[in-house]
Every structure is written in structure tokens, then in C-alpha cells.
Amino acid sequence: MSGFITIVLILLVFIIIYQIGKAGEYAAVLREEAKSKAATNRTIAWLLVAFFILGMYGIWKCNQLFEGKMLPPSASEQGVNYDSMFTVTLIVTGIVFFATQAVLFWFAFRYQSTEKRTAFYYPHNNKLEIIWTTVPAIAMAALVAIGLRNWLNVTSDAPKDANIVEVVGKQFNWLIRYPGKDGVLGKRDFRKINDATNILGLDWNDKDNMDDIIAQNGELHLVVNKPVKLIIGSRDVIHDVGLPHFRMKMDAVPGIVTTMWFTPRFTTTQMKEMTHNPDFVYEISCDQMCGKGHYSMRGTVIVETQAEYDAWMAKQQSYYAMNNAPAAPAAGAEQQEQKTDSVKAVTMK
Amino acid sequence: MSTVIIDGPNVTQGIQTGTEHHGHEHHEQHFIWKYIFSQDHKVIGRQFLVTGIIWAIIGALFSVFFRLQLGFPDQTFPIMEKFLGDWAKGGKLSPEFYYGLVTMHGTILVFFVLTAGLSGTFANILIPLQVGARDMASPFMNMLSYWFFFAASIFMFVSLFVQTGPASGGWTTYPPLSALKEASLGSGVGMDLWLISMSLFVVSSLLGGLNYVSTVLNMRTKGMTMTRMPLTIWALFFTAVLGILSFPVLFSGFVLLIFDRNFGTSFYLSEIFIGGKALPHIGGSAILYQHLFWFLGHPEVYIIMLPGMGMASEVLSNHSRKPIFGYFAMIISLVGITVLAFLVWAHHMFVTGMSPFLGSIFVLLTLLIAVPSAVKVFNWLTTMWRGNIRFTVAMLFAIGFVSMFISGGLTGIFLGNSALDIHLHDTYFVVAHFHIVMGVSAFMGMFAGIYHWFPKMFGRFMNNTLGYIHFFITFAGAYLIFWPMHYEGIAGMPRRYYDYSAWESYKQFISMNGFISIVAIIVFFAQLLFVYNFFVSIWRGRKVTVQNPWGSPTLEWTTPIKPGHGNWEGEIPEVYRWPYDYKDDGNGNDFIPQTTPLRPGEESH
């Protein structure tokens, strides 16, 4: 009932506004159309000026409002370039934005219709066209140059000594696999997945899997100042590993292995101090729509010193030991060839 | 220019009533043939417009619902339960239906409103009227185009009411999410209906597009060379070309998806474990769908933008009482945009793990498109320079269009540069960018067109006062809604989240989200005000008493105030000059109609 009354009320308001508007227009026609039209025109011109001024004030206000709520400086070395490139692009586009908007509103106000004015017949000027074709083209070329340098840098091959960690998305959490002591991720097969005992489908015939460690709570431990290469995959639909603090992002696609690498600059503890926020935490957000729990697909990154990392790692039990302790694998002759396969799986692009 | 000029008298292509009766034929035609299954391009255009408006209300209402959830995640709104029933039990939107609403909002606004409702409306109404034709090349196909759209609408509407809800994987419906019933409720029947609906929509779009292109190429009146066409026609022409070349690719993507969903193929599926079991699919590529989708998806952005550009050009020129500046530069930039539109699709996929080299190519081509866009903006600004500007409602919306196009276009420079896109991809920065540039800006162009040509469509004016209110609330509201979203995006806030409260990195934006939601609701009601103005003015608006109320040189204003089927009584007028001759005609008028022969000694443009 209340909904119905609301609708009736809204309709009533519309009718009243419409009738007032209509009456106003008829009154204007009666009074003297040309004169009232000129008055309206003047009013609108001033309203546009007011709009522009209020708009600029709004932008300033908005900046103030968001100050302190934005991201801290990039937590990865690769992201530092992002930050500076963003600033450059912001300055270039900012200048164009203020200039063109100002001109737009200024022209609207300055050349509003008056009795005395006649429009200036000015159909074209090739010189002007050439100027405002080449200037944006040069500006774009510069931005493309900066962009491609950074893009090729970010997408370059990871250094050989980079730590390797696998991040696998599933509805709706992140599974993190560390290669263990051997530094090699073993082979996995989606047909071997079992939610209770083998969440990533690790192939127990591959001895590289024996020491692999899986964190099911989505906790990604990284060493500060040490490059890390993430091997990214998905069990079901497309997800996306979003690391806003590191300015990094990569899709997790079922059936395809994607990678990204970066070097963390600040430990979580340092970040807590820098942001004056004791609750600060690096978060992994899923950035590709993946179903009803998409918004809750959260992981965390813990960046720590090598010593802290080693201490933490020493406490971890391999996934094999946790789930398959009694049954020893039928290993043996097979192992040799399995090993080559696993290398292929890791280096696959 | 060696263009083909069809010599009048033009034929009406076998319309049931003879051409010699035009002007009187409405006495003979039954209501059904005149208003429902009409083959008159003007009626079909209005059908597209009204259907588009109805869809726009539904699509916008959905955004109000999900904005309530986003702005006030810890509150309940019992009124939602009235509308949505079990999907909003106790006034709290369920996550499944939240995603359903988001998906439907996108699909409806992008395809049903800003494609069919925009180019369907104005290509139909303006092309024959402005090129001087009695109707489209094939009025029957034109009618089918609307009815295929209508059928698509029915399927989409029905999908809102199925038990598992409408499609809910986002308007892009990426597989495997959209391909597997186990992955999401919305990937059930709702997704099948979505695919059927969209396939019908593609058919509608092709029937319409082929008609628009052939009409522009073959049905122009005597003297109407290509370079004497108004920019609206140029823009609508390229819009149709874009649609014809890209929609079939989308269709092929849909066909493969339908096969994957129902017939066990593995085009998009590989190595998937879901619902407790491993699926047999191996070897497909989920990324393939994204290529097929965005091969339409990106040109689609320009399918949405170009009509607005054309209409804004026309309206800005007319109400500044000045010729459009750089007519040829405008055409060349339209060509540039059309060609480049096909070569930039993968910039939507920079973070899918694509080859970095391929990514570089797409960066280059994407930023290249900024050049013709910049040329257009500078030409619009110069068109206003030293004009004699009348602030009609249409003119205000055209100014708003330019303002929004600048704001939204500039943020595209961030997103097109892959090194920046890595961080900004799928954040609110993207949401802000495309809503401003192809949402609000395209709507502004559309409103400019509606207010400007309403007198031609219905023989009456829309109410100005309401129009001014509508404009200022929309203009201010759009900036208030989308400007703050840029900041959220720069801070990394992902799009398509149901609730941000659990996130340490994003929860500081909750109060800002509340503010955005409140403005969105106000803007929604301002649009209802427009809808009210539109429908009431059809019957109660101030009557048009002069043939050419805006003082425009173009051909549509040489028809009777309420043109019948066939548009002109008697011969179709001949054209002697370009459509922007805003100069003294020697009789106190500040424009010269295209139908006025050149004066002795006068040079053609």
C-alpha cells in the first residue's frame, strides 16, 4: 500500500510541475515571446557558469574527501613505475580536461544569443585541423612510449632466482601452493581433485609433489625484496588475482597457466607503520566476476623478512604428509619421467 | 564525387497503398497496419523509441535496487521485497539476484536502450527524412527489424521471472561461468533465454543495419550527394556499418556457447572441476569467447557513441546558428573511428595473460583512436565559437554531451595504456569511465535528439521547463555519481562486488557509496520526469505551428508538420547545397534551406 501511495504522490508531483511549466510557457507566449525567450536564455547561460564554478569547487572538495583514503605508495618495485606513469597521464589529461571544459562553458556563456549578435559564418580552417590532429597524436605517442616501456618491463620474464608460488582460484577462495624444499611445483591434474584429500589434484606419482605445501586459507607469504613469480590457475571459472597494493593483476583461467612476477618492497609490518593503520593487511581480491561469492573471494598477502619467512616455512607440513601419510606412493622407475613433466608444467606460459 | 543520385519521383517500394494517395492514406489504413505492423519508417522509429524508453526505466530501476545494496549494505528495504519477492527477502537483496540485476542492467542499457532504442529510433526517423527518401530501402525488412527486437525483448523480459533468475554473469557473460549450470544459479534457464534473446537481437540489428546502409547509399534525393548529407546521416551510416560487420561475430560466439552449454562441446571449456566432479572437457579456451565477444563489444561502444556524435553535431550547429566547423574533418574522423573500432578489441583483455607483444599493438591502436576523438571535440568547441547560441533543451543536452565525452574520453587514455590498465582493470575506474562516456554521454546525445526532433515526430513540443529541470539534475547528478568512482577505482576497489564491508582496503568508501546511491535515486526520478514529459507532450504538448521551428536548413523540416507515409506531398524536393548554410539568405533569415538553389555567383560549399 505504501508503495502505491508513493507512486501516486510522485505522479502528482510530476503533474504539478508539468502544469506549472506549461502555464509558465503560455504566460510567456502571451507576454511577448521574444522577450521572455531572451530572459530564459540569459538565465540558462548564467546557470551554466554557476555549474562550471560549482563543478570545479566540487572537484576540489572531492579531492579533500578522498585524501588519506587512497592507496599507499606501491608495495612492489614494478608498481613504482605505475605510480609515476599514472601521475604523468593525470597531468596531461588534467590540463586537457580543464582547458576544454573551461572553453566549452566559456563559449556557451560568451556567445549566448542576443539581439545584436549575428553568428560568424566560419565553416572550416585546415590549418587548425592539422594543428589539433598532430598535437594529440604527438601527446599520445609520448604516452604510448612510456606505457610500452613499463608494460614490457612488467610482462618480462621473471629473474631466475625468483621464488615460485602457485595461486589457484576456485569458487570462492584462493589456494596457495608453495614448492617446498626442492623449489619445484609438482604436476597436478584436475581429474585427481578431491575436495577432502587432494584439493589441487596433485599427482602423487610425481615426487616433486611430496614436499609441496598448500595454504587453503588464501595466505600468500612473500619475502621482502625477493622477486616472486606467481603461477596462476583456476579450478572452475575465470577468476583474477588482484593485488592493488602491488599494482598487479592477472586472470586465473581454467585450462591455461598464467604468470606474473614482482618484487615486494615493504613488509606488512613496515606498511602498518607507514599507513598508521595497525589493521593494515595486503589483500588479494578476485577481480573477475566468478559467481555469487565473488565479492567474498578474499586472500591475504604477508610480506616478511627472509628470517620470518624461513621460520614460518619450517612450521608448515607438506600437503602430502597431511593427507596421505599412511599410503606410500608406488614410486620408483616412473619418477624420472614424471620429473621432466613437472618442469614443463611450471615453465608453461 | 561520383555518387549515384536517384532521380525522383521516388517509389515507396510496393507499400500496399499507392503512392498517389500519400497524405490521405491514413483514412484507409486500419489501426493495426498503421501503428502496430506499420512499414512507415517514422512509426517504426517511434516504436523503437517507446520500447527503448520502457526498457530504460526497467534497467534504471535495477540500478536503483543494486545501488541501495551497495550504498547501505547493512540496512533492509522492505519496498524491494514488494518488487522482487523472494529475491529480496526481508528487504535484503540476495547476492545471486544482485548479480542478476547488475547483468540485466548492463544488457538492457547497452543493447536494448542504447543500441536499439538509440540508433533504431534515429536511423529510422532521420535517414529517409534527411536524405530525401519516401521510406527505407525495404520497409518490410525494416518492420521485421522492430519485431525481432520485440521478440528479443519478450525473451529477455521472461528471463526476469524464471525461478533460477536471469543471467547473472555480467553483461559480457564470460564462460565457463555462463556455460556451466553448476557455476551459478543464473547460468541455468536464465542464461538460455539470454542467449535466445540476444540472438534475436542480432538478427534485428542486421535487418535494420542493412536497410540503413542501402537507404543512405541508394535512396538519396536528387542533388543529395554524399557530401551534402548532414553529419547525423554520416554517423548513423557508420553505426550501421559497424553493426553489420561485428554483430555476426558476436553471434558466432553465442552459437559456440549454446553448443558448450547444451551439446557437450568444449569450445570454451577445459580442465574444470566443479560441483564436486571433474568435467570431461579438455582443450577449449575460455579466452576465445572473450575475443569473439569483444570483437563486437568494442565496436558496440561506437555503435552507441556515433549516433550521439552525429546528433550533437547537428544540434550544436543549429542552435549556435553556425555551420558545423570542419565538416570534412568530422567525416574523416568518423571514418577513422569506424576503422579503428575494429582494431582495438583486445584492450579489454590486457590481463588475460595475452602475449605482451600483441598487447603493445593494441595499446598503440587504442590510443590512436584518441586523435579523431580529439578532432571532433575541438570542432564542436569551434562550432560554438562566435555563434549566436540559443539554449534550447536540445542544445543544453548537446553541450552536456560534449562535456561528458571529454571527461569520459580522457579516462580512456588511462585504460587504453596497458601498463596502467593492469591496476585499473575491473575496478570502479572502469565503471566510471564507461558510464560517463558511453552511458551518460550517449544518453545526452539521445536526449538532445529527442528534444530536437520531438516536434517532427509528434507535431508538438516537449515542455521546456521540465526539460531544463531534467537537464540540470541529470548533468549534475551524473558527475556527482561517477566522479567519485574514479577515486575508488584508483584505490583498487573492484567492480561487481555485492558488499565491501569485509575488506580492509575498501571499507573506507562505504559512506561515499551511500552518497552515490542517494544521487543515483534522485537522478532516476529526474528521468521519470522526462518520461512523463515525453508521454504527456505527445497528446498535450504545445502544438507546432510552423513548418521549420528551429530554422534548420535540412530536409526533414520541408515535410508537412505531421508528414504521412511517404513524407512529402508531391515531388521530393531537390537539394542544391550543403546542410549547414547558416548565413543571411537576404530575407532576414539566418539560414538557407538545402532546397534553395544557389544564387547567381554563389559557390557551393
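Residues numbered from 1 in each chain as written. Chains lettered and ligands numbered in written order. Predicted model: local features only at pLDDT ≥ 70, side-chain atom pairs only at ≥ 80, totals over all residues. Heavy atoms only, no water.

Participant: Is there a simple way to think about the overall build of chain B in this case?
Facilitator: Counting its secondary structure elements, chain B contains 16 helices and two strands. What you see for chain B is a C-alpha radius of gyration of 24 Å, in line with the 25 Å of a compact globule of 605 residues. Taking the principal axes of its C-alpha atoms as reference, chain B extends roughly 80 × 50 × 50 Å. Going through the 605 residues of chain B one by one, you find that 70% of them count as buried. Once local pairs closer than 6 in sequence are excluded, the contacts in chain B between residues at least 24 apart make up 78%. Of the roughly 18,300 Å² that chain B leaves accessible, carbon and sulfur atoms contribute 68%. One finds the centroid of the 31 positive side-chain charges in chain B at a distance of 6 Å from the centroid of its 31 negative side-chain charges. (Helix = DSSP H or I, 4+ residues; strand = E, 2+ residues; numbered from the N terminus. Rg over C-alpha atoms; globule rule 2.2 N^0.38 Å. Buried < 20%, exposed > 50% of the residue type's maximum accessible area, 1.4 Å probe, protein only. Contact = heavy atoms within 4.5 Å. Areas by Shrake-Rupley, 256 points an atom, 1.4 Å probe, with all protein chains shown as cover. Lys, Arg positive; Asp, Glu negative; His and termini not counted. Charge placed at Lys NZ, Arg CZ, Asp CG, Glu CD.)

Participant: Just to check I follow, could you spell out the interface of chain A and chain B for this structure?
Facilitator: A common way to report how large an interface is uses the accessible area buried once the components associate. Between chain A and chain B, the residue contacts involve 110 residues of the former and 128 residues of the latter. Of the roughly 10,700 Å² buried at the junction of chain A and chain B (both faces included), carbon and sulfur atoms supply 71%. Applying the counting rule to chain A against chain B returns one salt bridge. The partner of K292 of chain A in a salt bridge is E96 of chain B, with the nearest N and O atoms 3.6 Å apart. (Buried area = accessible area lost by both parts, 1.4 Å probe. Salt bridge = Lys/Arg side-chain N within 4 Å of Asp/Glu carboxyl O.)

Participant: Please explain unusual backbone geometry as it appears in this structure.
Facilitator: Of all residues except glycine, most have a negative phi; of all peptide bonds, most are trans. Omega for the peptide link from Q171 of chain A to F172 of chain A comes to -5 degrees, which places this bond in the cis form. Assignment of secondary structure puts F172 of chain A in the loop between strand 1 (163–170) and strand 2 (173–178). Omega for the bond connecting P175 of chain B with P176 of chain B falls within 30 degrees of zero, at 0 degrees, which places this linkage in the cis form. Relative to the helices and strands, P176 of chain B is located in the loop between helix 5 (139–159) and helix 6 (189–218).

Participant: How should I be thinking about the pairing of strand 4 (residues 219–223) of chain A in this particular structure?
Facilitator: Sheet faces and side chains relate simply in a regular strand, where the side chains alternate between the two faces. Residues and elements named next belong to chain A. For strand 4, the buried fraction is high: four of the five residues fall into the buried class. Sheet analysis places strand 4 next to strand 10 (residues 298–304), joined by five bridges and oriented parallel. From the neighbouring strand, L220 faces strand 10, where its bridge partner is V301. (Pairing = 2+ DSSP bridges.)

Participant: How do you make sense of helix 8 (residues 286–320) of chain B when you look at a structure like this?
Facilitator: Note that an α-helix has 3.6 residues per turn; residues three or four places apart therefore point the same way. Residues and elements named next belong to chain B. In this model helix 8 runs 51 Å from its N-terminal to its C-terminal C-alpha over 35 residues, within 8% of the 51 Å that 1.5 Å per residue would give. In the structure, helix 8 departs most strongly from a straight axis at W294, where the bend amounts to approximately 30 degrees. The buried count for helix 8 comes to 32 of 35 residues, which makes it a mostly enclosed element. One or two residues past the end of helix 8 sits R321, with phi positive at roughly 55 degrees. (Expected span 1.5 Å × (residues − 1). Bend = angle between axes of the 7 residues up to and from the residue.)

Participant: What's the story with the packing of helix 8 of chain B against helix 14 (residues 428–458) of chain B in this structure? I'm lost.
Facilitator: Angle between the axes and distance between the axes: these two values describe a pair of packed helices. Residue and element names in this part refer to chain B. Between helix 8 and helix 14, the shortest axis-to-axis distance is 8 Å and the interhelical angle comes to 45 degrees. It follows from the interaxial angle that helix 8 and helix 14 lie oblique. Read as a crossing pair, helix 8 and helix 14 show a hand that is left-handed. Counting all contacts with helix 8, which are made through V301, I304, M305, G308, M311, E314, V315, N318 and H319, the residues of helix 14 involved are V437, M438, S441, A442, G445, M446, A448, G449, H452 and W453. A class-by-class count of the residues in the contact of helix 8 with helix 14 yields eleven nonpolar, seven polar and one charged. (Axes fitted to C-alpha atoms, helices over the stretch in contact; angles between N-to-C directions. Parallel < 35°, antiparallel > 145°, perpendicular 65-115°, else oblique. Left-handed = near helix turned anticlockwise from the far one by under 90°. Nonpolar A, V, L, I, M, F, W, Y, C, P; charged D, E, K, R; others polar.)

Participant: Would you take a moment to explain the domain arrangement of chain A for this structure?
Facilitator: Along its sequence, chain A is organised into domain 1 (16–70), domain 2 (73–114 + 124–156) and domain 3 (163–325 + 334–347). Relative to domain 3 of chain A, the C-alpha centre of domain 1 of chain A lies at a distance of 55 Å. (Domains from an automatic or database assignment.)

Participant: I keep staring at the sheet that holds strand 8 (residues 258–262) of chain A and nothing clicks. Help me out?
Facilitator: To summarise the sheet geometry, strands pair through backbone hydrogen bonds and adopt either a parallel or an antiparallel arrangement. Residues and elements named next belong to chain A. Reading across from one edge, 3-2-1-5-8 is the order of the five strands in this open sheet, with mixed pairing throughout. In the strand order of this sheet, the two ends are held by strand 3 (213–215) and strand 8, each with one partner. The sheet shows a mean angle of 25 degrees between the axes of neighbouring strands, taken without regard to direction. In this sheet, strand 5 (residues 228–234) lies alongside strand 1 in parallel orientation, the contact comprising seven bridges.

Participant: What should I look at first to understand the nonpolar core in this one?
Facilitator: Side chains of nonpolar character tend, in soluble globular proteins, to be buried together. Counting residues in hydrophobic clusters, the biggest one holds 281 residues, and the most contacted among them are Y178, L230 and L243 of chain A together with W380, I450 and F534 of chain B. The element contributing the most residues to this core is helix 4 (residues 95–131) of chain B, with 22 residues. Those residues in contact with F534 of chain B, other than ones at most four positions away along the chain, are L49, V50, I53, I450, F454, F458 and M462 of chain B. In this structure, L175, L200, W204 and Y319 of chain A belong to the second largest nonpolar core, which totals nine residues. (Core = buried A, V, L, I, M, F, W, Y, C linked by side-chain atoms within 4.5 Å.)

Participant: Whenever I open this one, the environment of P593 of chain B confuses me. Can you help?
Facilitator: Residues and elements named next belong to chain B. Within the element layout of this structure, P593 appears in the segment after helix 16 (510–540). Look at P593 and you get partly exposed, because its relative accessible area is 23%. Leaving out residues up to four positions away in the same chain, P593 has contacts with P553 and R577.

Participant: Explain the environment of A56 of chain B here, please?
Facilitator: Locating A56 of chain B in the fold gives a position in helix 2 (residues 41–71). Here A56 of chain B falls in the buried class, since its relative accessible area comes to 17%.

Participant: Any chance you could explain the environment of M250 of chain A here in plain terms?
Facilitator: Positionally, M250 of chain A belongs in strand 7 (residues 248–252). Spatially, the C-alpha atom of M250 of chain A lies 8.7 Å from that of D287 of chain A, the residues being 37 residues apart in sequence. Not counting residues within four places of it along the chain, the set of residues in contact with M250 of chain A comprises I232, D240, V241, T258, T259 and M260 of chain A together with V351, T352 and G353 of chain B.

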